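# Coordinate inspection notes
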Amino acid sequence: MSYRHIFVHLDSSEHCEKRVVPTLVMAQRFGAHVTAVFSQVDGVIPDYGIPEGLPKTTAAVGGWVVDKFAQRAREADVRFNADVANLGSAATVIEETTEAARNADLAVIGQHDPHNMLGETPEDLVDHVILDSARPVLVIPYAGLFYDIGRRVLVGWNGTREATRALNDGMPLISGAEEVRLLTVQPPKEMTKPFEELQGRLMHHLKVHGIEPKLLREPKSSDMSVANLLVSRITDYGCDLLVLGGYGHYGFPAVLRGGVTRGLLKQTTVPTLLSH
């Protein structure tokens, strides 16, 4: 299994390079084509980093960011196409980014930085792409540098639809890992089959792919949220990738789902692949 087409979102923020680098490394690893799209709120112009003399317009800045990406992709010998999306409001950014993500095997988006007050992109961009693109989304944290992702993987699995989809969407990365840990935190009450039966079937599926994960199971703690627990275990095990289903809880409107997902998106310290 492989990713043959990767989408990466570009903007003029200082964190853009942090997702370009791992995207190009993955493209080299999988022989993938990369589609890069610059999309941010029109009229938002950074006051740092842009070349002297560049017109103070979002379109001009976008063209410069795309040219920088193209240079990096050529140096990495990665096939690509790159463009500036239609510019407009925050809603336009969400629409353009989500549409681009739909037409790729994997979307790479940056984690929202709460300390960035410029507002190049809407705070809930990642949420919308996960919910509406129908594609796996790899969220790259704003803090830290990440290169070769997926050597030590933590998979959050509880037998649900979203967890199953995330695990299979992440298989190209998981299958090449040196170590995989499968962590379950209190399976949901609405499961109709015994958890052990579902887990046994999953283990057979993974074994067919040559993956034999270490199984971990923890009760839900009253002192620690699931998001905090996952972040803690990432640190404990030295993982460089988390794979997780996002925005579950059937019976609730989408806007009310995803307490764990939203908490995790604020806290994650490693690249996190989420599928809905």
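This text gives an overview of the structure that appears in the document.

What counts and what doesn't
Residues numbered from 1 in each chain as written. Predicted model: local features only at pLDDT ≥ 70, side-chain atom pairs only at ≥ 80, totals over all residues. Heavy atoms only, no water. Phe/Tyr/Trp six-rings, centres within 6.5 Å; stacked < 30°, edge-to-face > 60°. Helix = DSSP H or I, 4+ residues; strand = E, 2+ residues; numbered from the N terminus. Buried < 20%, exposed > 50% of the residue type's maximum accessible area, 1.4 Å probe, protein only. Lys NZ or Arg CZ within 6 Å of the ring centre and 35° of its normal. Axes fitted to C-alpha atoms, helices over the stretch in contact; angles between N-to-C directions. Parallel < 35°, antiparallel > 145°, perpendicular 65-115°, else oblique. Left-handed = near helix turned anticlockwise from the far one by under 90°. Contact = heavy atoms within 4.5 Å. Core = buried A, V, L, I, M, F, W, Y, C linked by side-chain atoms within 4.5 Å. Salt bridge = Lys/Arg side-chain N within 4 Å of Asp/Glu carboxyl O. Pairing = 2+ DSSP bridges.

A full pass over the atoms with the stated rule returns two aromatic pairs. The interplanar angle of 80° and the centroid separation of 5.3 Å between the aromatic rings of Tyr-3 and Phe-30 together place this pair among those described as edge-to-face. Here Tyr-3 is found in the segment before strand 1 (5–10), whereas its partner Phe-30 is found in helix 1 (residues 16–30), with 27 residues between them in sequence. Each of the two residues, Tyr-3 as well as Phe-30, counts as buried. For Arg-181, the ring lying beneath its charged end belongs to Tyr-237, and the centroid distance is 4.2 Å.

Let us now look at the packing of helix 1 against helix 2 (residues 58–75). The relative placement of two packed helices comes down to the angle between their axes together with the axis-to-axis distance. Two elements in contact, helix 1 and helix 2, have axes whose closest approach is 11 Å; the angle formed by their N-to-C orientations is 30°. Relative to helix 2, the element helix 1 lies roughly parallel. At the point where helix 1 passes helix 2, the crossing takes the right-handed sense. Note on element contacts: helix 2 touches helix 1 through Phe-69, Arg-72 and Ala-73, opposite Glu-17, Val-20, Val-21 and Leu-24.

Attention now moves to the nonpolar core. Counting 47 residues, the largest nonpolar core has Leu-10, Phe-69, Leu-138, Val-155 and Leu-167 as the members making the most contacts within it. By residue number, the principal contributor to this core is helix 1, which donates six residues. Counting 37 residues, the second largest nonpolar core, distinct from the first, contains Phe-7, Leu-125, Leu-230 and Tyr-247.

Tallied over the entire structure, the rule returns 11 salt bridges. In this structure, Glu-17 engages Arg-72 in a salt bridge whose closest nitrogen and oxygen atoms are separated by 1.9 Å. A residue pair is termed long-range when its members are at least 10 positions apart, and Glu-17 in helix 1 and Arg-72 in helix 2 qualify at 55 residues. For Glu-17, a relative accessible area of 34% gives the class partly exposed. Residue Arg-72 is classed as partly exposed on the basis of its relative accessible area, which comes to 29%.

This brings us to the pairing of strand 9 (residues 241–245). Most of strand 9 sits inside the fold, with five of its five residues counted as buried. On strand 9, burial covers both faces: Leu-241, Val-243 and Gly-245 on one face and Leu-242 and Leu-244 on the other are all buried. Direction of pairing for strand 6 (residues 152–156) relative to strand 9: parallel, over a ladder of three bridges. Paired with Leu-154 across the two strands is Leu-242, which belongs to strand 9. Bridge analysis of strand 9 against strand 10 (residues 272–275) gives four bridges, and the strand direction is parallel.

With mixed pairing, 10 strands are arranged side by side in an open sheet as 3-2-1-4-5-10-9-6-7-8. One side of each edge strand has no neighbouring strand; the edge strands of this open sheet are strand 3 (80–84) and strand 8 (214–218). Averaged over all neighbouring strand pairs, the angle between strand axes comes to 20°, with direction disregarded. Where strand 1 and strand 4 (residues 106–110) come together, three bridges link them in parallel fashion.

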